Amino acid sequence: MRESILQLLEQRALYRDKIDWPAARQQIQQASGTAEADKILDQLIASSTGNHGRWIRESQVSSPSGGMKRIARAEEGQRPHGREATSGQGPVRTDEADPIGWISISAFKESSTASPAVRDQQRLAFARQLQSQLRKEDERDRCGWIVDLRQNQGGNMWPMLVGIAPLLSTDPKHREVIGAFVGGPERQIWSIDSGLVLLDERAPVALDSPAYSLRHPAPPVAVLIGPKTASSGEAVALAFRGRPATRSFGQRSAGYSTANVPTRLPDGSILLLTGSVSVDRNLKGDGGKLQPDVTVSNAADAEQTARNWLRAQSQCHAVASNR
């Protein structure tokens, strides 16, 4: 099994060129026992994937929740303190006249042992839930939006992107690039077309009902990120980076803005193989930490700074003048 993992890493790992593979094989062969050999292999996985990949042993995969938790942690997070305490993924508002919409996107964890059909249902349910929250927030006249990714430690990015697509889109009538996976010369483009989120020409998660359209399309958006924003959470942040009328606030992200592909091995274990970098709408990204446009160390201050910026935008000026 170790040789199978070594071959996969040598062929596909993002930072495979940094490893002396013949020397690595020799080191494993000279290990004093299974435990040492596995420790060396885990170190090689970490080095060749930028600390994002993992080998999840069969015993961990087959446990009721162990595999799911480990995949969620590796693939890839209450809500802020202050006057808007949270309930679930959205804030409990103390001011019903607040013109700023709020949507918090949590990590998405799916079962590694469930059937493909069940996993599809889980992804669709998560995307529906996000769009339902958007719809509820949008019942009032929102002039701008805050997207909170500070607790999003990752998982499967596609339900997140599908759920938040109404905010990502700035031109519902035309196809819009929102990011990509880049591995060497290969690019896989993420885009939105009529509310449908695509990977190249395929929809990884497709809603079974029409996508929601905001009352006021293409609003200004403030994105909150921080040290717990990781992996797919960082991918969502990248999908907003470069969007018109958009700024990010908070602290640097975790630094796992790369993509994992779960690869099941013959013994039932799973290798989370990091093979590409996630990039933004302008195809820029290096796989590391995302730097916010405005650095704010305190959580409550980050929220207030984001609100101040949104209220300074022309859309919010128009709302204020009509009240």
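Above this text is the structure in question.
Worth saying up front: this structure is predicted, and the values here are computed from it rather than measured.

The rules behind these values
- Residues numbered from 1 in each chain as written.
- Predicted model: local features only at pLDDT ≥ 70, side-chain atom pairs only at ≥ 80, totals over all residues.
- Heavy atoms only, no water.
- Helix = DSSP H or I, 4+ residues; strand = E, 2+ residues; numbered from the N terminus.
- Expected span 1.5 Å × (residues − 1).
- Buried < 20%, exposed > 50% of the residue type's maximum accessible area, 1.4 Å probe, protein only.
- Arc of directions from axis to C-beta.
- Contact = heavy atoms within 4.5 Å.
- Pairing = 2+ DSSP bridges.
- Axes fitted to C-alpha atoms, helices over the stretch in contact; angles between N-to-C directions.
- Disulfide = S-S within 2.5 Å.
- Polar contact = N/O pair within 3.5 Å; in protein donor to acceptor, adjacent residues only side chain to side chain.
- Phe/Tyr/Trp six-rings, centres within 6.5 Å; stacked < 30°, edge-to-face > 60°.
- Salt bridge = Lys/Arg side-chain N within 4 Å of Asp/Glu carboxyl O.

Caption draft 1: Helix α3 (residues 34-49), seen in detail. Here α3 is 16 residues long and its end C-alpha atoms lie 22 Å apart, about the 22 Å a rise of 1.5 Å per residue gives. Looking at α3, one finds that the buried residues are Ala37, Asp38, Ile40, Leu41, Leu44, Ile45, Ser48 and Thr49. What you see down the axis of α3 is that its buried residues fit within an arc of 160°, all on one side. Looking at α3, the residues exposed on the side facing more than 90 degrees away from the buried face are Ala35 and Lys39. As for α3, its buried residues are in contact with α1 (2-12), α2 (21-29), β1 (54-56) and β12 (270-279).

Caption draft 2: Spotlight on the sheet that holds strand β10 (residues 246-250). Overall, parallel pairing links the five strands, which are arranged β4-β5-β9-β10-β13 in an open sheet. Both edges of this open sheet fall to β4 (100-104) and β13 (294-295), since each of them pairs with a single strand only. Strand direction decides the pairing type here: β4 and strand β5 (residues 144-148), joined by five bridges, are parallel. Residue pairing for β5: Gly101 is matched across the bridge by Trp145. Each of β4 and β5 is contacted by helix α6 (residues 116-137), which is oriented at about 165° to β4, the strand it contacts most.

Caption draft 3: Seen up close, the state of the cysteines. Inspection of every chain in the model, using the stated rule, returns one disulfide. One disulfide bridge connects Cys143 with Cys316, the sulfur atoms lying 1.9 Å from each other. Torsion about the S-S bond of the Cys143 and Cys316 cystine: about 85°, corresponding to right-handed handedness. Placement of the pair is Cys143 in the loop between α6 and β5 and Cys316 in helix α10 (residues 314-321), with a sequence separation of 173 residues. Both residues of the pair, Cys143 and Cys316, count as buried.

Caption draft 4: Representation of the side chain of Thr274. For Thr274, the location among the structural elements is in strand β12. A polar atom in the side chain of Thr274 sits 3.3 Å from the backbone nitrogen of Gly53. In terms of polar contacts, Thr274 uses its side chain to reach the side chain of Asn260, at 2.4 Å.

Caption draft 5: Structural context of the environment of Ser314. Within the secondary structure layout, Ser314 lies in helix α10. Each C-alpha atom of the pair Ser314 and Pro219 lies 10.0 Å from the other, and the pair is 95 residues apart in sequence. A polar contact is formed between the side chain of Ser314 and the side chain of Gln315, at a distance of 3.2 Å.

Caption draft 6: Fine view of the packing of aromatic side chains. One pass over the full model with this rule turns up five aromatic pairs. Here Trp158 and Trp190 contribute two aromatic rings whose centre-to-centre distance is 6.4 Å and whose plane-to-plane angle is 80°, an arrangement assigned as edge-to-face. Here the residue Trp158 occupies a position in helix α7 (residues 157-168), and Trp190 occupies one in strand β7 (residues 186-193), the gap between them amounting to 32 residues. The exposure class assigned to Trp190 is buried, which follows from its relative accessible area of 0%. Taking the centre distance of 5.2 Å and the plane angle of 70° together, the rings of Phe181 and Trp190 count as edge-to-face.

Caption draft 7: Structural view of the pattern of salt bridges. Within the structure shown, the criterion is met by 14 salt bridges. With a closest N to O distance of 3.4 Å, Arg123 and Asp120 form a salt bridge. Of this pair, Arg123 and Asp120 are both found in helix α6, three residues apart, which corresponds to roughly one turn of the helix. Accessibility expressed as a relative area gives 17% for Arg123, which makes it buried. The residue Glu303 makes a salt bridge to Arg150 at a minimum N-O spacing of 3.3 Å. One end of the pair, Glu303, is in helix α9 (residues 299-311); the other, Arg150, is in the loop between β5 and α7, and 153 residues separate them in sequence. In this structure, Glu303 and Arg150 share a single accessibility class: buried.

Caption draft 8: Structural view of the pairing of β12. The element β12 is largely enclosed, with a buried count of nine among its 10 residues. Relative to β12, strand β6 (residues 176-183) runs antiparallel, the two sharing three bridges. Residue pairing across strands places Val182 opposite Val277, the latter belonging to β12. The pairing of strand β11 (residues 258-264) with β12 spans seven bridges and is antiparallel.

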